[in-house]
Amino acid sequence: MPAPEILAPAGNAEMLRAAVFAGADAVYLGLDGYNARRSAGNFTPQALREAVCFCHARGVAVHVTLNTLVYGDELEGLAGAVRAIAGAGADAVILDDLAAAALVRAIAPDLRLHGSTQMSIHTPEGAKMLAKLGYSRAILARELSLTEIRDIVRQSPIECEVFIHGAMCMSMSGQCMMSAFLGGRSGNRGDCAGPCRLPFDAGGNLRPGQPGTACHLSLKDMDLIPHMAELQAAGVASVKIEGRLRTPEYAAAAVAACRAAREGRPYDEALVRDIFSRSGFSDGYLTGRSGKAMFGVRTEADAAATRAATPKARELFRRELERVPVDFSVRFAPQGVSVTVTDPQGRNAVVSSKSAPQPAQKDPLPAMERALAKTGGTPFCANRIQVLPGGEPGFLPGSEWNELRRTALQALLQKRSEPAPLAVHPCSLPRFPERPAGGVPALAARFERADQLPDASLTGQLRCLIVPIREAGAIPPELRGKTLLELPRASFGGLEADTIRRLDGLKDAGFAGAVANNLAHLGYETPLPLYGGLGLNITNPLAAAEYARLGLRGMLLHPETPVAAMRAVAPGDVPTAALCYGHLPLMLTRACPLHNLHGCAGCGGSGRLRDRKGRDFPVRCSAPGFAGMRTIYNPVPLYMGDRPGELPVDLAVAAFTLEPAERVAQVLHLILQKQPFDGEFTRGLSYMSR
């Protein structure tokens, strides 16, 4: 298999230089705004142009992140960002929102599209759907085992990129709302506050004012560098180092280790650990051994080790890596010597000596070759040195050969540094009329279990019912004509194949449709109409229009969409929906926080996490061990049932997860009567100002 690309983080110009000098094949960085690390240094359009020129001169590719959810009034700015990236001549854009992909295709079709890990691509069908949409690479979810990676790569029509080193989010990327709903800072919009690093105790022992030391949502950093050969054998095209918020020394240490591992050489494992870790590393996802050992926190001892290791790591990028092979051609003539240096792309620079060559008393060529081969301090290495026929080789002082080499390489570097902007096409954003104010949306309800269904007096007042596909067999035939089957947001292992089989078996069972929660679901072959669910993260009209074009008959807007932004999402005849009630799923995670306290035996698939303020967050597990997913719910429900006329959508959805059937009926009565909630609740981000 070809050697995978080593892709390094570049949170600022200094980190970019360190990553490149240490030997990265590509870097990824953010333009100001519209990326998942808004607190990184990031780059202005001018700084981006300079960064691309610097990297391209050294044969390093530049991937620019546009992987954040946007609202309708931000689309014009997003289009401007696409123009800036194309104008800089970047190689690829890392995208999350389908609106961003649509703008890239319209404005700069030569820019390659890479599907961000925020898109939650973790199955073969997900990679296939990206290919159908014109993407050239899928950045896979961090939670995959090596077997699962192999399976996706084998079936994927496009390149696959995996994370090899750095921080692991507790939640599956793109499926986390904890920062937004606990702190008002959205990780899906690049402003994560990192609440998972705060104290959370699976034993429920935290007390307000006594935070304790239990951090049962904090995972250790990933380190898969020792598995480089296995990832290469699996066909992975690119290995990615996480860490745009870290230091240049961190980037250099990780890059150097990856280069050595890729070449089968030993590397300084202690330096990699000391430059940053959370009391060690984990490969639990790759090896399929998730458990308590995956969790860890950053200690003062870790910080002290980093301070001690920093000077050593700094040596890794003190000098340029000689990586671009060049050919020297020398022509001797009575009036002087000319040297031509040529790069692999055919660009060349020609320089001439200031003096004529003198008759040589011994063969002058060995001294000439030694002088021209001294390319240290530049990104070049001498590949071939040849003397062109026509003149008699003569003597030049070593200092003049050195000057010829320096001048020629500098001129070639200048040529390689010239901007090469991509073509930009004129593009006007479609006009998306705002949904008129007023009107009350119809009511729908989502049920986690069939035994939560209320009696006919209430179900008769619901426009539609939504249940997980696993509950399909328990739905009475008389309700199936108004019931949508919800597909799982995460389908690791064999769950995707199982879901496809279930869908096929239910095609004639009388159900009204299915709810897609991952891009992969749009590729499933089913005669059932598809609707968009929570996992698609729809927040703006252009993304909604793209999903409508792909066949969705309706769609749920992401809960982080304020009411003011919802008004802009009105994709023609396709209805939209918003949550009016529910304990929001703040995290969807494969690692189990409850495992910190006990194993799967006797767990019962449910538990709680207590935070430093004394709040208990319910945790539910879909299956024991590595096969299952865990959902962490907000203990306080969202409620807009008394203000349905303020939701500018066609359908208000009450989502029931933890509630027994009696409580379901009570809440539905409150919503149908537009009554205030009868307990603690939150409006979420409905009225958040931006």
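This write-up is about the structure you can find in this document. Residue indices begin from 1 for each chain and proceed along its sequence in written order. For this predicted model, a pLDDT threshold of at least 70 governs which residues receive local features, and a threshold of 80 or more governs which side-chain atom pairs are given and counted, while totals over whole chains, interfaces and linings are taken from all residues. Side-chain measures were taken over the full set of non-hydrogen atoms in the model, leaving aside hydrogen atoms and water.

**Here we look at the overall build of the protein**
For the protein, the helix and strand inventory stands at 20 helices and 28 strands. C-alpha atoms define the radius of gyration, and 2.2 Å times the number of residues to the power 0.38 defines the globule rule. Its C-alpha atoms give the protein a radius of gyration of 29 Å, near enough to 26 Å, the size a compact globule of 690 residues would have. Summarising its shape, the C-alpha atoms of the protein cover approximately 110 × 55 × 45 Å along the three principal directions. The contact rule is simple, with two residues in contact once any of their heavy atoms fall within 4.5 Å. Long-range pairs, those at least 24 residues apart, make up 70% of the contacts in the protein with a sequence separation of at least 6. Of the accessible surface of the protein, which amounts to about 26700 Å², a share of 51% is contributed by carbon and sulfur atoms. Under the convention used here, Asp and Glu are negative, Lys and Arg are positive, and both His and the chain ends fall outside the count. We put the charge of a Lys on NZ, of an Arg on CZ, of an Asp on CG and of a Glu on CD. A distance of 2 Å separates the average location of the 75 positive side-chain charges in the protein from that of its 67 negative side-chain charges. Helix and strand assignments follow DSSP, with helices taken as H or I runs no shorter than four residues and strands as E runs no shorter than two, numbered in order from the N terminus. Using a 1.4 Å probe, accessible areas were evaluated by the Shrake-Rupley method; residue-level cover was limited to the displayed protein chains.

**A few points about the pairing of strand β17 (residues 464–468)**
Each residue's exposure class comes from its accessible area (1.4 Å probe, protein chains only) as a fraction of the maximum for that residue type: buried when under 20%, exposed when over 50%, partly exposed otherwise. Counted residue by residue, β17 has five buried out of five residues, so it is predominantly covered. Residues Cys464, Ile466 and Pro468 point to one face of β17 and Leu465 and Val467 to the other, with burial holding for every one of them. Note on pairing: two strands pair once DSSP finds at least 2 bridges between them. Strand direction decides the pairing type here: strand β16 (residues 442–447) and β17, joined by three bridges, are parallel. Residue Arg446 lies in a different strand from β17, and its bridge partner there is Ile466.

**Examining the nonpolar core**
Only buried residues count toward a nonpolar core. Its members are Ala, Val, Leu, Ile, Met, Phe, Trp, Tyr and Cys residues joined through side-chain atoms within 4.5 Å. Ranked by size, the top nonpolar core spans 203 residues in total, and within it Val27, Leu29, Tyr135 and Leu231 carry the most contacts. Per-element accounting of this core gives the leading share, ten residues, to helix α9 (residues 248–262). If sequence neighbours within four positions are ignored, Leu231 has contacts with Leu146, Ile149, Val162, Ile164, Leu224, Val236, Val239 and Leu286.

**Description of unusual backbone geometry**
For residues other than glycine, phi is negative in most cases, and the peptide bonds are mostly trans. The backbone phi angle of Asn537 is positive, close to 55 degrees, even though this residue is not glycine. Within the secondary structure, Asn537 sits in the loop between β20 (530–532) and α18 (541–549). In this structure, Lys674 takes a positive phi of about 55 degrees despite not being glycine. Position of Lys674 among the secondary structure elements: in the segment after α20 (661–672). Residue classification places Lys674 among the partly exposed positions, given a relative accessible area of 43%.

**Digging into the sheet that holds strand β12 (residues 324–333)**
In spatial order, the strands read β14-β13-β12-β15; together these four strands make up an open sheet with mixed pairing. Of all strands in the sheet, those bounded by a partner on one side alone are β14 (348–352) and β15 (380–387). The mean angle between the axes of side-by-side strands here comes to 20 degrees, regardless of whether they run parallel or antiparallel. Bridge count between strand β13 (residues 336–342) and β14: five bridges; the pairing is antiparallel. Directly across from Thr340, in β14, lies its bridge partner Val350. Only the stretch in contact is used when a helix axis is fitted, and all axes are lines through C-alpha atoms; the angle between N-to-C directions ranges over 0 to 180 degrees.

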